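Here is how the chains run, residue by residue.
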Amino acid sequence: VQTGNAFGVDSLATSPNGNLLATTDGRTVVVWDIKNRKELRKYATPDSYSVKFSPDGKILALGCYQYIKFWDTESGKEIRRIETGAVTNYSIAFS
């Protein structure tokens, strides 16, 4: 069993095409290649409580303490951050 999150898994999401899995333990977000069972990226993201892929799989959203972060899944770079005012964003969704 591979483990990329040192403190267990609080939230997980699969990409729409089923190729990627994102997990968070509240401190680190890990993106996995499901088919090859390999860790692709690891983001140090304190206060990350939930993860969700966009419908096209190009963006990974992270529900964090008082904001939501958006990451480009190909480059691995943060592309946007929105302050929500919510103490904790345990559940996020795209529409």
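None of the values given here were measured: they were computed from a predicted structure.

Thresholds, definitions, all that
- Residues numbered from 1 in each chain as written.
- Predicted model: local features only at pLDDT ≥ 70, side-chain atom pairs only at ≥ 80, totals over all residues.
- Heavy atoms only, no water.
- Core = buried A, V, L, I, M, F, W, Y, C linked by side-chain atoms within 4.5 Å.
- Buried < 20%, exposed > 50% of the residue type's maximum accessible area, 1.4 Å probe, protein only.
- Helix = DSSP H or I, 4+ residues; strand = E, 2+ residues; numbered from the N terminus.
- Contact = heavy atoms within 4.5 Å.
- Pairing = 2+ DSSP bridges.
- Axes fitted to C-alpha atoms, helices over the stretch in contact; angles between N-to-C directions.
- Salt bridge = Lys/Arg side-chain N within 4 Å of Asp/Glu carboxyl O.
- Polar contact = N/O pair within 3.5 Å; in protein donor to acceptor, adjacent residues only side chain to side chain.

Peer 1: For this particular structure, what's the right way to read the nonpolar core?
Peer 2: Soluble globular proteins tend to pack their nonpolar side chains together in the buried interior. Ranked by internal contacts, the top residues of the largest apolar core, which has 13 residues, are Val51, Leu60 and Leu62. Tallying contributions element by element places strand β6 (residues 59–64) first for this core, with 3 residues. Apart from the residues lying within four places of it in its own chain, the contact partners of Val51 are Ser11, Leu12, Ala13, Ala22, Thr24, Val29, Leu60, Ala61, Leu62 and Ile92.

Peer 1: Any chance you could explain the sheet that holds β6 here in plain terms?
Peer 2: Through backbone hydrogen bonds, the strands of a sheet pair up, either in parallel or in antiparallel fashion. Ordered by their spatial adjacency, 4 strands build an open sheet running β5-β6-β7-β8, and the pairing between neighbours is antiparallel. With one partner strand each, in any of the chains shown, β5 (48–53) and β8 (78–83) form the two edges of the open sheet. Adjacent strand axes in the sheet meet at a mean angle of 20 degrees, parallel and antiparallel pairs treated alike. Note: β6 against strand β7 (residues 67–72), 5 bridges, orientation antiparallel. Note on β7: the bridge partner recorded for Leu60 is Trp71.

Peer 1: Honestly, the sheet that holds strand β3 (residues 28–33) in this entry has me stumped. Any pointers?
Peer 2: Read from one edge to the other, the open sheet built from 4 strands follows the order β1-β2-β3-β4, with strand pairing classed as antiparallel. Strands at the two margins of the open sheet, each flanked by one partner only, are β1 (11–14) and β4 (38–44). Strand-to-strand, the axes of this sheet are offset by a mean angle of 15 degrees, without reference to chain direction. Bridge count for strand β2 (residues 20–24) against β3 is 5 bridges, and the pairing is antiparallel. Counterpart to Thr24 in the pairing with β3 is Val29.

Peer 1: Help me understand the pairing of β4 in this model?
Peer 2: The two faces of the sheet receive side chains in turn, since in a regular strand these alternate between them. Note that β3 and β4 share 6 bridges and pair antiparallel. Looking across to β4, one finds that Val29 is bridged to Tyr43. Here β3 hands over to β4 after 4 residues, with Arg37 in that stretch at a positive phi of 55 degrees.

Peer 1: Which parts of the structure should I look at to understand the pattern of salt bridges?
Peer 2: Where charged atoms from two side chains of opposite charge come close, those side chains can pair. Counted under the stated rule, the structure contains 1 salt bridge. We note a salt bridge from Glu78 to Arg81, for which the minimum N-O separation is 3.0 Å.

Peer 1: Teacher, can you tell me more about the side chain of Ser11 here?
Peer 2: Secondary-structure assignment places Ser11 in strand β1. Among the polar contacts listed, one links the side chain of Ser11 to the backbone nitrogen of Val51, at a separation of 3.3 Å. For Ser11, the residues in contact, after removing those within four places along its chain, are Ala22, Thr23, Thr24, Tyr49, Ser50 and Val51.

These figures come from the coordinates and say nothing about function on their own.
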